[in-house]
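# A structural walkthrough
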Amino acid sequence: MKIVLLGLESSGKTTILKGLLPKKFPTQGSNVKGSTSTILEVNENQTRYMDTPGIRIGSELVSSQYTRKMIKSADQYWFIVRGTHFKEEIEVLTEVFPFEDKPIAVIVSFEDKMDQESLNELNNFKEKNKFPLFIMDTRRVDSRVGDKIRELARSVTLAESVEINNLRIKKIKELKSPFQVRILGPYVALITLLVIYSLPIFLAYQFSKRVEGIVESTIVNSLIRWSGGAPETLKTVLFGDFGLLSLGIYSFIWAFPVVILFGLAIAITEESGLKDQITDALDPLMRKVGLTGQDLVPIINGFGCNVVAIQSSRSCNICTRKNCISVISFGSACSYQLGASLSVFGASGHIFLIIPYIFILILISLIHGGIWNKKTLVPMFKKRETFLQWPSGQTLSYRLKPVLSQFLVQAMPIFLIICLVASLFDFLGWMEILKEFIAPLLVVIGLSTDIAPAFVASLFRKDGILLLNEGSGIMAEQIAVGELFIAVFLCSTFTACLVTLVKIMKELSFKEAFLLAGKQMITSILSVILFSILLSLYN
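Residues numbered from 1 in each chain as written. Predicted model: local features only at pLDDT ≥ 70, side-chain atom pairs only at ≥ 80, totals over all residues. Heavy atoms only, no water.

## Things to note about helix H6 (residues 158–165)
Residues lying three or four places apart along an α-helix face the same way, a consequence of the helix completing one turn every 3.6 residues. Where H6 is concerned, the buried positions are Glu160, Ser161, Ile164 and Asn165. Looking down the long axis of H6, one finds its buried residues gathered within 135° of arc, a one-sided arrangement. Across H6 from its buried face, at more than 90 degrees, point the exposed residues Leu158 and Ala159. Elements in contact with the buried residues of H6: helix H3 (86–96), strand S5 (104–109), helix H4 (116–129) and strand S6 (133–135). (Buried < 20%, exposed > 50% of the residue type's maximum accessible area, 1.4 Å probe, protein only. Helix = DSSP H or I, 4+ residues; strand = E, 2+ residues; numbered from the N terminus. Arc of directions from axis to C-beta. Contact = heavy atoms within 4.5 Å.)

Structure below.
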């Protein structure tokens, strides 16, 4: 049996499905609108559940195209409706997916936030018609409820459909937050956003700065002494300027805390509903650069991982999606990129550069999106009035597990391979050839050819920026402050990493990915030339 879960954004579909299935269910519930961007299929015994992206009132989403194609073969539709917004959401669902087409069940979420009169109205309707209606708090779903819903799901009549639309269910609005204050709201949201995502960087720096010295004196130096009689090739590969242990351990110390703390920050803002409130408030500002408030969700997700963010851009409107992907590719510094940048700035003794780096990165990315997509027609954005709630420790832990796994199983091994290749190039003398090959571009924008290895590595992975820490940070210390800033910015923005580019090709097309990459290179080079001119005038 194939069961499809349908509902508007933030209705709780994924959370319900997670509660109905075993704890190892490989997905995550979220209070953030648009968090489900693909159709997820999960098999449990003889039942296949399909969790679909949320519908948005008044907008045509990219994800809607996927949904319509995939649900035709379903045996049952389960409609998830927020009890706090029952009337407006049931009207949309019955219009898009008429009840009489398939056996259905209606699951009313947010029971804990509904008033007693509305609960009585729903229960009376259910008892009178023996209607397959279930009211629940989605965060406390019993796995046995799924069997009952499957058994009681049935086709409903047109009269029942009309009657359920006319039920007198009171709409419950969330308490007014500072983000909803007229005029000041967007700026409060912007400041909150900056504080939330600056805190992980500050904490990571404080941790890494203290751990680095301990690890270097107790582990790295001991290993170097132990390997004193080893072959020169092995010493270069392990402890050279780009060594697996010298640079590899260095990268782990600086990147890992950023990855984990950023993952935690994103999880907290999503599960609490804070991200929804912020994106709703920032819609007026986002519209000035050809985006809506909803498009900010994938952009924020990009600070965790660009690939995940580009997939979640399916929750964008069709007309703004390319612009959103363009901004993600240019300015959403993934946690690996931020960790690498933090490491380089810290090693150089100029950690303060991280503040203007992030600010200018975001500013230029929005300008980039606005210039290249100025003809985009931005649709009206309907706020979803999401409730704020305390995130559970279990859910946060669930969200952090894949982040931790991705770093240890995917990101770190790839970076070690980059270190290995760079070490071999250095040992064989090919690094000088590489520098000469990249030299023309670097000379044009006023940079030293010494950054060539980091520049090339960053084309494959953004944590390749760590190669600027050549010689355990000696090179970063020797580069002038302004040039170091420009070098990190160029490595960050010249193009998206290879994996991100491949994802863009899959989501859009080869042609669109090629055009986006070309525009990004132009913006990056022009920005760097401008920075170089300003720097020369200042000096």
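Resuming the write-up.
## A word on the pattern of salt bridges
Scanning all chains against the criterion turns up eleven salt bridges. Between Glu89 and Arg82 there is a salt bridge whose closest N-O contact spans 2.8 Å. Arg82 gets classed as buried once you look at its relative accessible area, which sits at 1%. Across the pair Lys503 and Glu507 runs a salt bridge whose closest N-O atoms are separated by 3.3 Å. Of this pair, Lys503 and Glu507 both sit in helix H21 (residues 498–507), four residues apart, which is roughly one turn of that helix. By sharing partners, the salt bridges in this structure join Arg321, Lys503 and Glu507 into a single network. (Salt bridge = Lys/Arg side-chain N within 4 Å of Asp/Glu carboxyl O.)

## Brief notes about the nonpolar core
Judged by nonpolar contacts, the single largest core of 92 residues is most densely connected at Leu338, Tyr357 and Leu490. Core analysis: the second largest hydrophobic core is formed by 29 residues, Leu6, Tyr77, Leu122 and Ile135 among them. (Core = buried A, V, L, I, M, F, W, Y, C linked by side-chain atoms within 4.5 Å.)

## Topic: the pairing of S5
Counting buried residues along S5, six of its six residues qualify, which places the element largely inside the surrounding structure. What you see with S5 is no split at all: Ile104, Val106 and Val108 on one side and Ala105, Ile107 and Ser109 on the other are buried throughout. Of the pairings in the sheet, the one linking strand S4 (residues 76–82) to S5 comprises six bridges and is parallel in character. The residue bridging Ile80 from the neighbouring strand is Ile107, located in S5. Bridge count between S5 and S6: three bridges; the pairing is parallel. Opposite Val108, over in S6, you have Ile135 as the bridge partner. Read as a crossover between parallel neighbours, the route from S5 over H4 to S6 is right-handed. (Pairing = 2+ DSSP bridges. Right-handed = clockwise from strand over helix to strand, strands pointing away.)

## A short note on the packing of H4 against H6
Between H4 and H6, the shortest axis-to-axis distance is 11 Å and the interhelical angle comes to 165°. The pairing of H4 with H6 is recorded here as roughly antiparallel in orientation. Handedness of the crossing formed by H4 with H6: right-handed. Contact residues: H4 offers Phe125, Lys128 and Asn129, while H6 offers Glu160, Glu163 and Ile164. Residue composition of the contact of H4 with H6, grouped by class: two nonpolar, one polar and three charged. (Axes fitted to C-alpha atoms, helices over the stretch in contact; angles between N-to-C directions. Parallel < 35°, antiparallel > 145°, perpendicular 65-115°, else oblique. Left-handed = near helix turned anticlockwise from the far one by under 90°. Nonpolar A, V, L, I, M, F, W, Y, C, P; charged D, E, K, R; others polar.)

## Brief notes about the environment of Ile249
Positionally, Ile249 belongs in helix H9 (residues 246–272). When the C-alpha positions of Ile249 and Ile219 are compared, they lie 9.6 Å apart, and in sequence the two are 30 residues distant. Contacts of Ile249, omitting those with residues within four sequence positions, involve Val215, Ile219, Val220 and Leu244.

## Notes on the confidence of the model for the protein
For the protein, per-residue confidence averages 79 on the pLDDT scale, and residues scoring 70 or more make up 87% of the total. Across the protein, the element-wise mean pLDDT spans from 55 in helix H2 (residues 62–70) up to 92 in H4. Low pLDDT, under 50, characterises residues 25–37; the predicted model gives this stretch 62 contacts beyond four residues in sequence or across chains. (pLDDT = per-residue confidence, 0-100.)

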